[in-house]
Amino acid sequence: MKVLLLNGSSRPEGCTCTALREAADVLEAGGAETELLFLGSGPVLDCTACRTCQKKPGKCVFDDDIVNRIIEKAREADAFLFGTPVYYAHPSGRILSVLDRVFFAGKDAFAHKPGAAIVSARRAGTTASVDVLNKYFTIAQMPVVSSSYWNVVHGNTPEEVRQDLEGLQTVRNLARNMLWLLRCIEAGEHAGIRPPQAESGARTSFVR
Ligand SMILES: Cc1cc2nc3c(=O)[nH]c(=O)nc-3n(C[C@H](O)[C@H](O)[C@H](O)COP(=O)(O)O)c2cc1C
């Protein structure tokens, strides 16, 4: 069982990282392997809608940043935790730019693998940000893992996040639920249960 964690903050050791590490500790204690990827703090390219990846699926044409590395790692991973700080009541622009390109080029690498979003904020915009990240999971046939509360922590510094006892408890419960779901999927595979094959082909816009 391998869980890939993405830190969408510009701060490698900030609040988002603190929450993701709390989840990773529980996952590791439960027998999962974890890898925490920092998306970096430099500029990141948005999707240019060139659609090259639709002709050559599985790879973004811009190969000089973390996007294609995430797609490769996603193929090996069994589950995902996407972490972000709240910026103006939405996820960081960084994680959105990266995930738009990752999912446009490599959505198949995520199908039928559990995912969950963890959000850190000083005060507000948390659940809206969770909702935005959940949209990646729910267009990619991914089961969304839930917890005992919405997966948010509060703080401006790692120390403040560590004081958010309920937030960290929520994150730990989320990790336990993810472990449980991964074991259920594993047991299902041993019992011969395979993910369903999705229909494709129909592609209508609202006006037709
Ligand atoms: C540009 C910017 C915008 C922010 N907007 C919000 C916001 O809308 N709501 C909020 O509660 N906190 C906001 N914050 C605070 C961060 O969400 C908060 O400090 C978060 O825990 C930082 O996580 P990090 O240390 O992983 O970057 C903002 C911070 C920055 C830098």
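Residue numbering note: each chain is counted from 1, following its sequence as written. With pLDDT at 70 or above as the cut-off, local features in this predicted model cover only qualifying residues; side-chain atom pairs require 80 or more to be listed or tallied, and sums for whole chains, interfaces and linings still use all residues. Heavy atoms throughout the structure, all of them, feed into the side-chain values; hydrogens and water do not.

Caption draft 1: Summary view of the layout of surface pockets. Estimated volume of the largest pocket: approximately 620 Å³. A 1.4 Å probe that fits into a set of points on a 1 Å grid over the protein atoms alone but cannot get out defines a cavity; an open set with protein on both sides within 12 Å along at least five of seven lines defines a pocket, and lining residues are those with an atom within 4 Å of a point. Lining the largest pocket are 23 residues, with Gln54, Phe103, Phe104, Lys107 and Asp108 sitting closest to its centre. Runs of H or I in DSSP of at least four residues are treated as helices and runs of E of at least two as strands, each being numbered from the N terminus. Breaking the lining of the largest pocket down by element, the ones donating at least two residues are helix 2 (52-55), helix 4 (93-106) and helix 5 (126-138). Per element, the largest residue contribution to the lining of the largest pocket is 5 residues, and it comes from helix 4. Only Asp, Glu, Lys and Arg are considered charged, only Ala, Val, Leu, Ile, Met, Phe, Trp, Tyr, Cys and Pro nonpolar, and every remaining residue, Gly among them, polar. Residue classes in the lining of the largest pocket are distributed as 11 nonpolar, 5 polar and 7 charged. For the second largest pocket, the calculated volume is near 400 Å³. Along its surface, the second largest pocket is lined by 19 residues, and His112, Ile185, Glu186, Glu189 and Pro195 are the ones closest to its centre. Grid points are joined across faces, edges and corners, and a volume is the space filled by probe spheres set on the points.

Caption draft 2: Inspection of the site of the ligand at higher detail. Around the ligand sit 17 residues, and of these Ser9, Arg11, Val86, Arg123 and Asn156 come closest. Throughout this description, a polar contact denotes any pair of N or O atoms lying within 3.5 Å of each other; where both atoms belong to protein, one of them has to be capable of donating a hydrogen while the other can accept it, and for residues adjacent in sequence the pair is counted only when both atoms sit in side chains. Note that an oxygen atom of the ligand is positioned 2.5 Å from one of the backbone N or O atoms of Arg123. Computed by Shrake-Rupley with a 1.4 Å probe, the accessible areas treat only the displayed protein chains as cover when residues are assessed. Contact with the protein chains hides 76% of the accessible area of the ligand, taken as 650 Å² for the molecule alone. When contributions to the shell around the ligand are tallied by element, the ones reaching two or more residues are helix 1 (15-29), strand 3 (79-87) and strand 5 (115-121). The biggest single contributor to the shell around the ligand is strand 3, with 3 residues. When at least one non-hydrogen atom of a residue lies within 4 Å of a molecule or strand, that residue is treated as near it.

Caption draft 3: Structural context of the environment of Ala24. Mapped onto the elements, Ala24 comes out in helix 1. With relative accessibility at 12%, the residue Ala24 sits in the buried group. Residues Ala24 and Thr204, spaced 180 residues apart in sequence, show a C-alpha to C-alpha distance of 41 Å. With residues up to four places along the chain from it excluded, the contact list for Ala24 reads Leu5 and Thr34. Three exposure classes are used, based on accessible area relative to the maximum for each residue type with a 1.4 Å probe and protein chains only: buried under 20%, partly exposed in between, and exposed over 50%. The criterion used for residue contact is that any of the two residues' heavy atoms lie within 4.5 Å.

Caption draft 4: Structural context of the pattern of salt bridges. Salt bridges are defined as contacts in which a side-chain nitrogen from Lys or Arg sits within 4 Å of a carboxyl oxygen from Asp or Glu. Counted according to the given criterion, the structure contains 8 salt bridges. The salt bridge involving Arg21 is made with Glu13; its shortest N-O contact spans 2.9 Å. Several salt bridges share partner residues, and in doing so they unite Lys2, Glu33, Glu35 and Lys73 into one network.

Caption draft 5: Region of the structure containing the pairing of strand 3. Counted residue by residue, strand 3 has 8 buried out of 9 residues, so it is predominantly covered. Any two strands with at least two DSSP bridges between them are considered paired. For strand 1 (residues 2-7) and strand 3, the ladder comprises 5 bridges, and the chain directions are parallel. Pairing of Leu5 across the sheet is with Leu81, part of strand 3. Taken together, the 2 bridges between strand 3 and strand 4 (residues 90-91) define a ladder with antiparallel strand orientation. Bridge assignment links Tyr87 to a residue of strand 4, and that residue is His90. Where strand 3 folds back onto strand 4 in an antiparallel hairpin, the turn is made up of 2 residues, including Tyr88, whose phi is positive at roughly 50 degrees.

Caption draft 6: Expanded view of the side chain of Ser147. As for its position among the elements, Ser147 is in the loop between helix 5 and strand 6 (152-154). Overall, the relative accessible area of 19% leaves Ser147 in the buried class. Reaching out from Ser147, the side chain makes a polar contact with the backbone oxygen of Thr170 at a distance of 2.6 Å. Of the polar contacts made by the side chain of Ser147, one reaches the backbone nitrogen of Leu174; its length is 3.3 Å.

Caption draft 7: Main features of the environment of Leu27. Within the element layout of this structure, Leu27 appears in helix 1. For Leu27, a relative accessible area of 0% corresponds to the buried category. On a C-alpha basis, the gap between Leu27 and Met178 in space is 8.1 Å, while along the polypeptide they are 151 residues apart. If near-sequence neighbours (up to four positions away) are discounted, Leu27 is found in contact with Val3, Ala32, Thr34, Leu81, Ala175, Met178 and Leu179.

Caption draft 8: The packing of aromatic side chains, seen in detail. Side-chain rings of Phe, Tyr and Trp (the six-membered ring for Trp) are treated as a pair once their centres are within 6.5 Å; stacked means planes under 30 degrees apart, edge-to-face means over 60, and tilted covers the remaining angles. For the structure shown, the criterion picks out 8 aromatic pairs. Each ring, one from Phe103 and one from Phe110, has its centre 4.3 Å from the other, and the planes form 25 degrees; the classification is stacked. Note on Tyr149 and Trp150: the rings are 5.2 Å apart at their centroids and 65 degrees apart in plane angle, and the pair reads as edge-to-face. For Tyr149, a relative accessible area of 44% puts it in the partly exposed group. A residue is classified by how much of its surface remains accessible, and Trp150, at 55% relative accessible area, is exposed. Through a chain of ring-to-ring contacts, three or more aromatic side chains come together here, namely Phe80, Phe82, Phe103, Phe110, Tyr136 and Phe137.

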